Amino acid sequence: MIKTLLLDAAILLGLAILGVIGYKLAPLLDAKTDLTLPLSTCNLGRQACATTLPDGGQVEFSIEPRPIPTLKQLQLQATFSGVEVRGVAVDLAGAEMQMGYNRPQLERQPGGGERFTGQASLPVCITGNMVWNITVIVDTGKTVLALPFRLVTGDRSATDRRPD
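Residues numbered from 1 in each chain as written. Predicted model: local features only at pLDDT ≥ 70, side-chain atom pairs only at ≥ 80, totals over all residues. Heavy atoms only, no water.

Draft legend 1. Spatial organisation of the overall build of the protein. Helix and strand content of the protein: two helices and nine strands. Going from N to C terminus, the protein has its helices and strands arranged as α-β-β-β-β-β-β-β-β-β-α. Within the protein, buried positions represent 37% of all 164 residues. Looking at the protein alone, contacts between residues at least 24 apart form 56% of all its contacts between residues at least 6 apart. By element, 57% of the accessible surface of the protein is carried by carbon and sulfur atoms, the whole surface being about 10,000 Å². (Helix = DSSP H or I, 4+ residues; strand = E, 2+ residues; numbered from the N terminus. Buried < 20%, exposed > 50% of the residue type's maximum accessible area, 1.4 Å probe, protein only. Contact = heavy atoms within 4.5 Å. Areas by Shrake-Rupley, 256 points an atom, 1.4 Å probe, with all protein chains shown as cover.)

Draft legend 2. Expanded view of the layout of surface pockets. The volume enclosed by the second largest pocket comes to roughly 180 Å³. In terms of lining residues, the second largest pocket is bounded by Leu-35, Pro-54, Asp-55, Gly-82, Val-83, Glu-84, Thr-140, Lys-142, Thr-143 and Leu-145. For the lining of the second largest pocket, the class distribution of residues is four nonpolar, three polar and three charged. (1 Å grid on protein atoms, 1.4 Å probe; cavity = no way out; pocket = protein on both sides within 12 Å on 5 of 7 lines; lining within 4 Å. Points joined across faces, edges and corners; volume = space filled by probe spheres on them. Nonpolar A, V, L, I, M, F, W, Y, C, P; charged D, E, K, R; others polar.)

Draft legend 3. Highlighting the confidence of the model for the protein. Here the protein averages 82 in pLDDT, and 83% of its residues register 70 or above. For the protein, helix α2 (residues 156-160) is the element with the lowest average pLDDT, namely 42, and strand β4 (residues 74-81) is the one with the highest, namely 96. Considering only residues more than four positions removed or in separate chains, one finds that residues 156-164, a stretch of pLDDT under 50, has 18 contacts. (pLDDT = per-residue confidence, 0-100.)

Draft legend 4. Here's a closer look at the state of the cysteines. Tallied over the entire structure, the rule returns one disulfide. Between the sulfur of Cys-42 and that of Cys-49 lies a disulfide, 2.0 Å long from S to S. When the S-S torsion is -80°, as for the bridge of Cys-42 with Cys-49, the disulfide is left-handed. Taking the relative accessible area as the measure of exposure, Cys-42 reaches 13% and is therefore buried. (Disulfide = S-S within 2.5 Å.)

Draft legend 5. Expanded view of the pairing of strand β6 (residues 105-108). Relative to β6, strand β5 (residues 87-94) runs antiparallel, the two sharing two bridges. Across the sheet, Val-88 pairs through a bridge with Leu-106, a residue of β6. Pairing geometry for β6 and strand β7 (residues 114-120), over two bridges, is antiparallel. Within the sheet, the bridge partner assigned to Glu-107 lies in β7 and is Thr-117. (Pairing = 2+ DSSP bridges.)

Draft legend 6. Highlighting the pattern of salt bridges. Tallied over the full model, the rule gives three salt bridges. Arg-103 is the salt-bridge partner of Asp-91, the closest N and O atoms lying 3.2 Å from each other. Remark: Arg-103 occurs in the loop between β5 and β6 and Asp-91 occurs in strand β5; sequence separation between them is 12 residues. A single burial state applies to Asp-91 and to Arg-103, both of which are buried. In this structure, Glu-114 and Arg-108 form a salt bridge, with 2.8 Å as the shortest nitrogen-oxygen distance. With a relative accessible area of 38%, Arg-108 lands in the partly exposed category. (Salt bridge = Lys/Arg side-chain N within 4 Å of Asp/Glu carboxyl O.)

Draft legend 7. Region of the structure containing the sheet that holds β5. The strand order β1-β9-β8-β5-β6-β7-β4-β3-β2 describes an open sheet built from nine strands, whose pairing is mixed. Unpaired on one side and paired on the other, β1 (35-36) and β2 (49-52) mark the two borders of the sheet.

Structure follows, in structure tokens:
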């Protein structure tokens, strides 16, 4: 009986410690950005999406293959014009459900220009359809910009409609 109580107390203490650690580390999951652009109305499930940056530059972002599958390797590409870019990351977060930390860094491609590519995968959701907040995080050296997109995965009809 005493062993059971001690074991229960140790488990509760361990859970409390994990909770405190999670609470302290949670801010690290949010990207530190200087400016967040408005949510794009472009449907990444159907096409590449272009956005104009505040300084006049442009970025075109795409995810392939289409329709966007879950549990498969995805190719991410961001191509910039009119702006110098130091680094690019893409945050893939569930809009209605936590799906874990998923923020791959894109690599600059050789051959001149400002083209960055990388790979990622989306976990499957047991409910079928999944709404994703896709945020392209761009470090220009002067500012860090967040370019938000929305994506729906799960059933084929979801890729045919505009994300809300």
